[in-house]
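Residues per chain, in single letters:
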Amino acid sequence: MEIAENRDAEKVNVTVTVRYFAILKDQRGLTSEKVSTEAATLSALYNDLAAAHGFSLKQNQLRVALNDKFVDWQEPLAEGAQVVFIPPVAGG
Amino acid sequence: MFKFAAEKFEIDPLKKSLEDDRAGAVVCFEGIVRNRNEGKAVVTLEYEAYETLGQTEAENILDEAHTRFGILDALCVHRVGELKVGEMAVFVAVTSAHRHEAYLASRYIIDEIKTRLPIWKKETYEGGSSDWVNCQHLSSASACEASHGSK
């Protein structure tokens, strides 16, 4: 997935794996995908994906996990990372 | 001990695993699939979990219950997959020397499981429509945020 139109020399392109659950899985039509992105943070990555695929959930309705741990939205992305956006939960 | 279960499970062996001569109380909670939710007739539901993170988070919750309430032991099993009305979705059991701590810890565990574990529930209603619970009423973002709890 190509996100940036004009390549900024300072931007770094990384490839991450995004796994989708629940409503995001339905809206994306996939359980996971590799995403090549110049997004610097998880927040930027979600905004890019939400715009590209029409996700209905706003970022403030979600939590985010990086490599199987809850993390802050401002966490930077590293090559090969696994990202999961976590919709409002409903266990129990 | 926490685990996800893809199939129906028996609770007697789970209770047996908690047997302890120091325990004066065993409090068990069973969460059951109800036939109505928000005024709609529920026929089946599907639980989907992000199991790796869910396992870690559930173990954190059980550890917190130990620390906060001084219980002897606690366990929880949560179903995933498709469930019908009347089936058990979640089981929590706590042992302690006295009943007070066991009740408090049981309540703490199920409340935290509901707000913190990455598990989602898709309900299918009479007539065939379905919804991911807590993800539909998007005009009230606060309700969705609240469903994640304070942590």
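Keep in mind that what you see is a predicted model, and the values were worked out from it rather than measured.

Draft legend 1. Up close: the overall build of chain B. Along chain B, the regular secondary structure elements total four helices and nine strands. In sequence order, the secondary structure elements of chain B are arranged as β-α-β-β-β-α-β-β-β-α-β-β-α. Taking all 151 residues of chain B together, the buried fraction comes to 46%. Counting contacts in chain B only where the partners sit at least 6 residues apart, residues at least 24 apart contribute 76% of the total. Accessible surface, chain B: about 7,800 Å² in total, of which carbon and sulfur atoms supply 47%.

Draft legend 2. A look at the interface of chain A and chain B. Between chain A and chain B, the residue contacts involve 26 residues of the former and 32 residues of the latter. Contact with chain B buries area across many residues of chain A, yet A:V89, A:A90 and A:G92 alone supply 26% of it, more than any other trio. A salt bridge links A:K25 to B:E48; its shortest N-O distance comes to 2.6 Å. Here chain A and chain B share twelve residue pairs in polar contact (both at pLDDT 80 or more) between them. Sort the elements by how many residues they give to the side of chain A that touches chain B and helix α1 (residues 22–28) of chain A lands first, with four residues. For the side of chain A that touches chain B, the per-class residue count stands at 14 nonpolar, six polar and six charged.

Draft legend 3. Representation of the sheet that holds strand β5 (residues 73–79) of chain B within the structure. Residues and elements named next belong to chain B. Across the sheet, which stays open at both edges, the four strands sit in the order β1-β5-β7-β2 with mixed pairing between neighbours. Lying at the two open borders of the sheet, with one neighbouring strand each, are β1 (2–5) and β2 (25–32). Going from strand to strand, the sheet's axes swing by 10° on average, the running direction of each strand aside. Here helix α2 (residues 51–69) sits on the sheet and contacts β1 and β5; the angle it forms with β1, its principal contact strand, is near 140°.

Draft legend 4. Representation of the sheet that holds strand β1 (residues 14–19) of chain A. All names here are of chain A. One open sheet accounts for five strands, arranged β2-β1-β5-β3-β4; its pairing is mixed. Looking at strand neighbours, the two that pair on one side only are β2 (32–37) and β4 (69–71), the edges of this open sheet. Neighbour-to-neighbour, the strand axes of this sheet turn through a mean angle of 35°, independent of strand direction. Sheet topology places strand β3 (residues 63–66) next to strand β5 (residues 82–86); four bridges connect them, and they run antiparallel. Directly across from L66, in β5, lies its bridge partner V83.

What counts, and at which threshold
Residues numbered from 1 in each chain as written. Chains lettered and ligands numbered in written order. Predicted model: local features only at pLDDT ≥ 70, side-chain atom pairs only at ≥ 80, totals over all residues. Heavy atoms only, no water. Helix = DSSP H or I, 4+ residues; strand = E, 2+ residues; numbered from the N terminus. Buried < 20%, exposed > 50% of the residue type's maximum accessible area, 1.4 Å probe, protein only. Contact = heavy atoms within 4.5 Å. Areas by Shrake-Rupley, 256 points an atom, 1.4 Å probe, with all protein chains shown as cover. Buried area = accessible area lost by both parts, 1.4 Å probe. Salt bridge = Lys/Arg side-chain N within 4 Å of Asp/Glu carboxyl O. Polar contact = N/O pair within 3.5 Å; in protein donor to acceptor, adjacent residues only side chain to side chain. Nonpolar A, V, L, I, M, F, W, Y, C, P; charged D, E, K, R; others polar. Pairing = 2+ DSSP bridges. Axes fitted to C-alpha atoms, helices over the stretch in contact; angles between N-to-C directions.

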